[in-house]
Amino acid sequence: MDFYEKWLEYDYNPWILFDANGKVVTLNQEAQFLLAEATPHEIFELAVSYANQSYGFKTTMMNLEYGKYEFFGIMVGYEDNDAIAIRLYQKPPERIAEPHIRTLGHHNIYTLIDLAVSTASISRRHGFTTLLDPAFPDIRIDPEVFIQLLSQMFDCFEDTSETKISLSLKTGETIKFEEKRYPIFQLSVQGDYREECPLPRLKELANHMNGYLSRKKSQLILEAPLIM
């Protein structure tokens, strides 16, 4: 791998080369993570839609979101009809510095979830179903922010059927703070989604937990560090 190839491979921005049929020819590391949130077909169609009418390169500024990944623009280029490449310019994630983490106490995440569910159940005709990984230890977390976020996530679903809650440990990914890596826990809420859900506010609360919040159709997903 020469210097140019290494530069692309380790770039913070996803880069993908497709053939004329939309098959991935090559991609960098960051693009591999992106394709866990979006299909190659989606990204290929995006590239074709914003390509120059004639051969060459074109940069377009826009807001895009695929799961936890947010972008502020794309560059599309092609020199013939055999291949097309796209680079997506990624917004840097907001993070709370590690000194904030040191101020957090240890809490039982199951107790916090139960409290949020019990409070929300008072005003709902339909209840909640939970599927929780039983092996979580006590973790460092801000209980007020976590319960506030959960409550607002619950409010994003209509009271027309049971709302499903799941908690699991995400494998294969970590979050890094000042040279230390933490595993990631994933909490999802699924039901009849309300389009007027205040996603920006939910994402702000998730950022205070050093995490992400994303939407996938009728599901809201929180990913945050498991700090013990």
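Keep in mind that what you see is a predicted model, and the values were worked out from it rather than measured.

What counts and how
- Note that residues are indexed from 1 along each chain, following the sequence as it is written.
- Since the coordinates come from a predicted model, pLDDT governs what is reported: local features require at least 70, and pairs of side-chain atoms require 80 or more to be given and counted, while whole-chain, interface and lining totals use all residues.
- Excluded from the side-chain calculation are hydrogens and water; included are all heavy atoms of the structure.
- Think of a nonpolar core as a cluster: buried Ala, Val, Leu, Ile, Met, Phe, Trp, Tyr and Cys residues, connected wherever their side-chain atoms sit within 4.5 Å.
- Only protein chains enter the area calculation, which uses a 1.4 Å probe; residues under 20% of their type maximum are buried, those over 50% are exposed, and those in between are partly exposed.
- Helix and strand definitions follow DSSP, with helices as H or I runs of at least four residues and strands as E runs of at least two, each counted in order from the N terminus.
- Throughout this description, a polar contact denotes any pair of N or O atoms lying within 3.5 Å of each other; where both atoms belong to protein, one of them has to be capable of donating a hydrogen while the other can accept it, and for residues adjacent in sequence the pair is counted only when both atoms sit in side chains.
- Every residue pair with non-hydrogen atoms within 4.5 Å of one another is taken to be in contact.
- Grid points spaced at 1 Å and placed over the protein atoms alone form the basis of the search, with a cavity being a set where a 1.4 Å probe fits but cannot get out and a pocket an open set showing protein on both sides within 12 Å along at least five of seven lines. Lining residues have an atom within 4 Å of a point.
- Grid points are joined across faces, edges and corners, and a volume is the space filled by probe spheres set on the points.
- For this classification, the nonpolar set comprises Ala, Val, Leu, Ile, Met, Phe, Trp, Tyr, Cys and Pro, the charged set comprises Asp, Glu, Lys and Arg, and every other residue, Gly included, is treated as polar.
- By this definition, two strands are paired if DSSP reports at least two bridges between them.
- For helices, the fitted line uses only the C-alpha atoms of the stretch in contact; every axis is such a line through C-alpha atoms, and the angle between N-to-C directions lies from 0 to 180 degrees.

(A) How the structure looks around the nonpolar core. In terms of nonpolar packing, the biggest core is built from 37 residues, with Phe146, Phe185 and Leu220 touching the most fellow members. Judged by nonpolar contacts, the second largest core, of 21 residues, contains Phe18, Leu34, Tyr66 and Ile84.

(B) Seen up close, the side chain of Arg124. On the secondary structure map, Arg124 appears in the loop between α5 (109-121) and β7 (128-132). Engagement of the side chain of Arg124 in a polar contact is seen with the backbone oxygen of Glu158, the distance being 3.3 Å. Within polar-contact distance, the side chain of Arg124 engages the side chain of Thr163 at 3.1 Å. For Arg124, the contacting residues outside a window of four places in its chain are Phe154, Phe157, Glu158, Asp159 and Thr163.

(C) Up close: the layout of surface pockets. Roughly 320 Å³ of volume is contained in the second largest pocket. Lining the second largest pocket are 18 residues, with Tyr4, Trp15, Phe57, Met75 and Ala85 sitting closest to its centre. Secondary-structure elements contributing two or more residues to the lining of the second largest pocket are α1 (3-9), β1 (15-19), β4 (69-78) and β5 (83-90). The biggest single contributor to the lining of the second largest pocket is β5, with five residues. Of the residues assigned to the lining of the second largest pocket, the class counts are 13 nonpolar, one polar and four charged.

(D) Main features of the sheet that holds β1. Reading across from one edge, β2-β1-β5-β4-β3 is the order of the five strands in this open sheet, with antiparallel pairing throughout. The open sheet terminates on both sides in strands that have one partner only, identified here as β2 (24-27) and β3 (56-66). Strand-to-strand twist in this sheet, taken as the mean axis angle between neighbours without regard to direction, amounts to 20 degrees. Here six bridges tie β4 to β5, and the two strands are oriented antiparallel to one another. Considered in β5, the bridge of Val76 is made with Ile86. This element, helix α3 (residues 40-49), spans β1, β2, β3, β4 and β5 of the sheet and lies at about 100 degrees to β5.

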